[in-house]
Amino acid sequence: MEFDASIRYTGYVCKCPRVTDAAGLQMEKGCRLVQKRVNWPITAMLTLVLLLVPQLAMAAEMEPLGERLPVWSIVPFVGMLLSIAIVPLINGEWWENNQGKAAIFWSLVFLIPFTIFYGMGETVFELFHSILLDYVPFIILLFGLFCATGGIVLRGKLRGTPKVNVIFLAIGTLIASWIGTTGAAMVLIRPLIRANKWRVRKKHTIIFFIFLVCNIGGALTPVGDPPLFMGFLRGVPFFWTTKHLLLPYLMNSAILLVVYYFLDRRAYKKDMEELDGKIPDDGEEGKLRVEGARNFIFLGMIVLAVILSGVLTKLPLFADQATGEAYGLKLYEYGGEVVIWSYLSIMRDVIILVAAYLAMKFSTKEARAFNDFSWAPIAEVAKLFAGIFITMIPALAILGAKGASLGLAHPAQFFWGSGVLSSFLDNTPTYVVFFTTAASLHAHDVPGVMTNLGLMPEHILMAISCGSVFMGANTYIGNAPNFMVRSIAENSDIKMPSFFGYMGWALVFLIPLFIINTLVFFLPYAA
């Protein structure tokens, strides 16, 4: 049977079942025309994309992404934050099993429209920056610290009385600036949880641990918190923060420790009443002693790797001293800009991963079991922050493009501006944006510090540093160790507040403190 082949292009297809006759020859039988279904909405959308993408790609080369993005492009980021805040309250079991799916969903809600309207080239470029250059080092650092501290065990008779708990928090606050807030948090959170295992009321202890050890404690050196490290890379002297942030650090630490002591003493009395005045015996005897101390070597390797990745950029061997651009592998080029994976970043990440491997190899299973070590906390952080890093691309782009037009001039404005945004965005790029904005003021009639971007007004730099570091404590996602500590606590059967519940604690105990900071340290000074 013959038919016109052109019929395939008229919106119809020919359905001709084939049969074989007795001689073995194939014959057409029962041919019929069937109308072909066309999904016109999808076809129209794809056609529109093919027409628009070239023009949009050309526009991408003309102006910064943040100038072109509409404000509503931050909707996926808001959706990601609200999912973390609300879904666990509605269906906690579903959330535990589907966190990764939620992160993927909101990432696609951003990526698909962004790719349609701005092109694949710009999408890949932004993903390289956000995932490879920001997220991967972030999660590698957390992973390394998580592994190194998981095998360090504090044994002996240790009871979570108000006095012992205050000592824990004070020690953590003191060492956080020297081994990093994440390092201090991972070293001390498990012994603190174990010391308070018998307590009925203990979530307030974890909350104040986040306030002090995970955030305020990191204010004195560039090692303490990543935003200060970015300032160090831009020419701020290493001990500048030690000198200029010491008073805010001491005042905030002292006030929070005193408030915590009285809060915990009240809770302790109620716990003792419910336990008939007897502290349960956990079987631990003898003096306090540390097991797995060799893991401090691996912890030191991680801290040293982070420091070297910044210090060595000042050497001609690793970076162009004229432009400050680090040498590395050129991964992707778009719109005249190149994504470079610096050799120093590769070196840092390799050292951290080696330290993590050695920590797991040489720490005992008994030590990890004693610490209730599991991969659940780091897995939760990895999944959720992947979604956060992707969906916050528009927010950071808009802030970077329009930060200089925010009308900021007074130290108090920089303190609250950098602080509020650091509560919800990654505080490191937020610090960089406000740092650059402050440098554009070109102030010469006030005390300042000379940086790579020029003279920086002293009290404005102090305000940006304090805001970025201190206000990371306002939410669970304000700083990386916040979420880690929360996950470890919940993995140890401590019922922690919800996202908004935690913000309520911050509103009661931190915001009044930050108002005092404003009145004492920033309001009296003009830019």
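Check the entry above for the structure.
Residues numbered from 1 in each chain as written. Predicted model: local features only at pLDDT ≥ 70, side-chain atom pairs only at ≥ 80, totals over all residues. Heavy atoms only, no water.

Participant: Help me get a handle on the overall build of the chain, residues and values and all.
Facilitator: Along the chain, the regular secondary structure elements total 21 helices and 10 strands. Across the 527 residues in the chain, those meeting the buried criterion constitute 49%. When the accessible surface of the chain is totalled, it reaches about 25000 Å², and 67% of it is carbon and sulfur. (Helix = DSSP H or I, 4+ residues; strand = E, 2+ residues; numbered from the N terminus. Buried < 20%, exposed > 50% of the residue type's maximum accessible area, 1.4 Å probe, protein only. Areas by Shrake-Rupley, 256 points an atom, 1.4 Å probe, with all protein chains shown as cover.)

Participant: Outline the pattern of salt bridges, supporting the account with residue identities and numerical values.
Facilitator: Once the charged atoms of two side chains with opposite charge are near each other, the side chains can pair. What the rule picks out here adds up to 8 salt bridges. Between R199 and D271 there is a salt bridge; the shortest N-O distance is 2.6 Å. Taken together, the positions of R199 in the loop between α6 (181-195) and α7 (203-212) and D271 in helix α10 (residues 246-274) put the pair 72 residues apart, joining distant regions of the chain. Take R199 and D271: they sit in the same class, and that class is buried. E380 is the salt-bridge partner of R486, the closest N and O atoms lying 3.5 Å from each other. Taken as a pair, R486 in helix α19 (residues 480-491) and E380 in helix α14 (residues 376-391) lie far apart in primary sequence, 106 residues in all. For the residue pair R486 and E380, the accessibility class agrees, reading buried in each case. Through salt bridges with shared partners, a single ionic network connects R199, R201, D264, D271 and E274. (Salt bridge = Lys/Arg side-chain N within 4 Å of Asp/Glu carboxyl O.)

Participant: How would you explain the nonpolar core if you had to name every residue and give the values?
Facilitator: Counting residues in hydrophobic clusters, the biggest one holds 114 residues, and the most contacted among them are M186, F209, F385 and V485. A per-element tally of this core places helix α4 (residues 92-150) first, with 12 residues. (Core = buried A, V, L, I, M, F, W, Y, C linked by side-chain atoms within 4.5 Å.)

Participant: Would you mind going over unusual backbone geometry in detail, with residue names and values included?
Facilitator: Here the phi dihedral of D372 falls at roughly 55 degrees; this positive angle occurs in a residue that is not glycine. Note that D372 resides in the loop between α13 (365-370) and α14. Phi at D493 is positive, roughly 65 degrees, even though this residue is not glycine. Structurally, D493 can be placed in the loop between α19 and α20 (499-509).

Participant: Go over the environment of M186 with me, naming the residues and quoting the values.
Facilitator: Among the secondary structure elements, M186 is positioned in helix α6. A relative accessible area of 0% means that M186 is categorised as buried. Remark: the alpha-carbon pair of M186 and G150, spanning 36 residues in sequence, is separated by 7.7 Å. Apart from the residues lying within four places of it in its own chain, the contact partners of M186 are L145, F146, T149, M484, V485 and I488. (Contact = heavy atoms within 4.5 Å.)

Participant: Mind laying out the environment of D320, listing which residues take part and the relevant values?
Facilitator: Mapped onto the fold, D320 is located in the loop between α11 (295-311) and β7 (328-334). Non-local contacts of D320, meaning those with residues more than four positions away in its chain, are made with E325 and Y327.

Participant: Describe the packing of helix α5 (residues 162-179) against α6, with residues and values.
Facilitator: Packing of α5 against α6 leaves a shortest axis separation of 8 Å and a crossing angle of 165 degrees. Compared by their axis directions, α5 and α6 come out roughly antiparallel. Two packed elements cross with a definite hand, and for α5 against α6 that hand is right-handed. The segment α5 lies against α6, with N165, F168, L169, I171, G172, I175, A176 and I179 engaging T181, G183, A184, V187, L188, P191, L192 and A195. The residue makeup of the contact of α5 with α6, split by class, is 12 nonpolar, 4 polar and no charged. (Axes fitted to C-alpha atoms, helices over the stretch in contact; angles between N-to-C directions. Parallel < 35°, antiparallel > 145°, perpendicular 65-115°, else oblique. Left-handed = near helix turned anticlockwise from the far one by under 90°. Nonpolar A, V, L, I, M, F, W, Y, C, P; charged D, E, K, R; others polar.)

Participant: Quick rundown of the packing of aromatic side chains? Include the residues and the values.
Facilitator: Evaluation of the coordinates by the stated rule reveals 33 aromatic pairs. With a centroid separation of 5.2 Å and 40 degrees between ring planes, the pair formed by F138 and F385 is classed as tilted. Placement of F138 in helix α4 and of F385 in helix α14 is noted, with a sequence separation of 247 residues between them. By the burial criterion, F138 is buried, and F385 matches it. Among the aromatic side chains, those forming a connected cluster through ring pairs are F208, F211, Y260, Y476, Y502, W505 and F509. The ring of Y476 carries the charged tip of R486 above its face, separated from the ring centre by 5.1 Å. (Phe/Tyr/Trp six-rings, centres within 6.5 Å; stacked < 30°, edge-to-face > 60°. Lys NZ or Arg CZ within 6 Å of the ring centre and 35° of its normal.)

Participant: Tell me about the pairing of strand β9 (residues 448-451), and name the residues and values.
Facilitator: Here β9 shows one buried face, formed by V449 and T451, and one open face, formed by G448 and M450. Summarising the sheet, β9 and strand β10 (residues 454-457) pair through 4 bridges and their orientation is antiparallel. Across the sheet, residue T451 finds its bridge partner in β10, namely G454. (Pairing = 2+ DSSP bridges.)

Participant: Could you give an account of the side chain of T241, with specific residues and numbers?
Facilitator: Residue placement: T241 occurs in helix α9 (residues 240-244). Here T241 falls in the buried class, since its relative accessible area comes to 4%.

Participant: Please give an account of helix α17 (residues 427-439) that cites residues and values.
Facilitator: With 13 residues, α17 ought to run about 18 Å at 1.5 Å a step, and its terminal C-alpha atoms sit 18 Å apart, in line with that. With 11 of its 13 residues buried, α17 lies for the most part within the structure. Those residues of α17 that fall on the buried side of the exposure criterion are N427, T428, T430, Y431, V432, V433, F434, F435, T437, A438 and A439. Contacts from the buried residues of α17 go to α8 (226-233), α15 (393-402), α16 (411-422), β9, β10 and α18 (458-470). (Expected span 1.5 Å × (residues − 1).)

Participant: So what's going on with a nonpolar patch on the surface? Residues and values would help.
Facilitator: Together, I255, V259, I515, I516, L519, V520 and L523 make up an exposed nonpolar region whose accessible area comes to about 540 Å². Looking at the nonpolar patch, the elements that each hand over two or more residues are α10 and α21 (511-522). Top contributing element to the nonpolar patch by residue count: α21, with 4 residues. (Patch = residues over 30% accessible without salt bridge, like charges linked within 9 Å, V, L, I, M, F, W, Y side chains within 5 Å.)

Participant: Please set out the packing of α18 against α21 residue by residue, giving values where relevant.
Facilitator: It is the contact of α18 with α21, at a shortest axis distance of 12 Å, that shows an interaxial angle of 165 degrees. Between α18 and α21, the interaxial angle falls into the category roughly antiparallel. Both α18 and α21 take part in a crossing whose hand is right-handed. Facing H459, M462, A463, C466 and F470 of α18, the residues of α21 in contact are F514, N517, F521 and F522. Class assignment of the residues belonging to the contact of α18 with α21 gives a composition of 7 nonpolar, 2 polar and no charged.

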